[in-house]
Amino acid sequence: MKNDLVQTITTALSQLIDPNMGKDFVSSKALKQLTVEQGQAHLTIQLGYPAQSQLSGLRTLLENAVRAVPGVTGVQLDLSWKIVAHSVQAGIKTLPNVRNIIAVASGKGGVGKSTTAVNLALALAAEGARVGVLDADIYGPSQPLMLGVQGQRHEANEDQTITPIMAHGLQMASIGCLIDTEQAVAWRGPMVTGALLQLLQQTAWQDLDYLVIDMPPGTGDIQLTLAQKVPVTGAVIVTTPQEIALLDGRRGVNMFQKVGIPILGVVENMALHICSQCGHGEHIFGTGGGQRMAEQYQVSYLGALPLDSQIREQTDSGKPTVVADPNSPASLVYGQIARKVAVQIADKAQDHSLKFPTIKVQNT
Ligand SMILES: Nc1ncnc2c1ncn2[C@@H]1O[C@H](COP(=O)(O)OP(=O)(O)OP(=O)(O)O)[C@@H](O)[C@H]1O
């Protein structure tokens, strides 16, 4: 009888879809433990993604499903999440204290890659994850400004590490807080990649679930070398609707796929112009480009942000939208993007790197 009840509850949970994962709680491996004693069900459900804002809804969903099983007289549910490290490119070691690296990239500059990276990081943190940001945009480091810590310097430690700067709950490292980046303009590619890899490896990251890397814009040698040497779980491509940016965005998708990094999806930034006077929205650059690109490459379309002066003002004044106005429509979009990214990472059960051929790079 007892085993029968365990079996019936397991069957019920195998038919209950986690709305975030789009998968049931058994095949997503979230159900960790289930015992039944005199009709009292004790369950341990562990999600693979941060879900602070989702916990009460998921709790109700799960408890109702178990309670509806005939013979169950009560439910005790232990509901939590645990973010684990996922596979990276073949032959590359993961970083200690960093479970997952998310590269945020764009085919060209000025499309809002840094703005997307910082708001994605903050939205993941708002869901309860431990998050860091590495500003790898050596020619135009903007994370210190966006996180309101411009002028601060990294502290060097005796063990050759540097301490990340804390901002809005994120651990941040930026080349802009280490050197005068005007010098870097004259650096050749290998010097740039060397400095960025050193920054990544010598920062004393503390127990991160996700490290979001704000990549240098473009798809040249520096980006390719980084994509080959940094242990990345997945990449997010930021693009704008203009055709030229989309062409560049396609190059970004190709570059990551060539080196065996899965694309977590495409973010379409500045997709719609919102008039600051009347609030009216207009697609000044055309519609549907990001979605078409995602379909063409069979990658996920993560969402679209409007061209909104508030996003610019908030982010450029050191308080990105997700912290300045957490309930705004734009923050909700960043939240959805973060959830889709986290869920895709949680769903990444195996090493995808074998799916794509690895190419050799000459200029390291
Ligand atoms: N959705 C948006 N609406 C309005 N302004 C935006 C939006 N996204 C970004 N911006 C603004 O556009 C400017 C460029 O953004 P950002 O620095 O994020 O671009 P980028 O792609 O990282 O550029 P680069 O790589 O050249 O540094 C910034 O002033 C930023 O505040």
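On a predicted model such as this, the values are computed, not experimentally measured, just so you know. (Residues numbered from 1 in each chain as written. Predicted model: local features only at pLDDT ≥ 70, side-chain atom pairs only at ≥ 80, totals over all residues. Heavy atoms only, no water.)

Peer 1: Where do I start with the UniProt feature "binding site: ATP" (unreviewed entry) in the chain in this structure?
Peer 2: Feature annotation in UniProt assigns "binding site: ATP" (unreviewed entry) to the following positions: Gly 107, Lys 108, Gly 109, Gly 110, Val 111, Gly 112, Lys 113 and Ser 114. Contacts of Gly 107, omitting those with residues within four sequence positions, involve Gly 218, Thr 219, Val 238, Asp 248 and Gly 249. Relative to the helices and strands, Ser 114 is located in helix H3 (residues 113-126). Given the relative accessible area of 8%, Ser 114 is considered buried. Each residue touching Ser 114, except ones within four places of it in the same chain, is listed here: Asp 137, Ser 142, Gln 143, Met 146 and Asp 214. (UniProt positions renumbered as here; feature names shortened; annotations may be inferred. Contact = heavy atoms within 4.5 Å. Helix = DSSP H or I, 4+ residues; strand = E, 2+ residues; numbered from the N terminus. Buried < 20%, exposed > 50% of the residue type's maximum accessible area, 1.4 Å probe, protein only.)

Peer 1: Sorry, what's going on with the domain arrangement of the chain here?
Peer 2: The parts lose accessible area when they come together, and the size of an interface is often stated as this lost area. Each assigned domain of the chain is listed with its residue range as follows: domain 1 (2-81) and domain 2 (98-355). Of note, the centres of domain 1 and domain 2, computed from C-alpha atoms alone, are 35 Å apart. In this assembly, 11 residues from domain 1 lie in contact with 11 residues from domain 2. With both sides pooled, the region where domain 1 packs onto domain 2 buries about 880 Å², and carbon together with sulfur makes up 57% of that total. For the pair domain 1 and domain 2, the number of links is 1 salt bridge. Between Lys 23 and Asp 347 there is a salt bridge; the shortest N-O distance is 2.7 Å. On the surface where domain 1 and domain 2 come into contact, there are 4 residue pairs in polar contact (both at pLDDT 80 or more). (Domains from an automatic or database assignment. Buried area = accessible area lost by both parts, 1.4 Å probe. Salt bridge = Lys/Arg side-chain N within 4 Å of Asp/Glu carboxyl O. Polar contact = N/O pair within 3.5 Å; in protein donor to acceptor, adjacent residues only side chain to side chain.)

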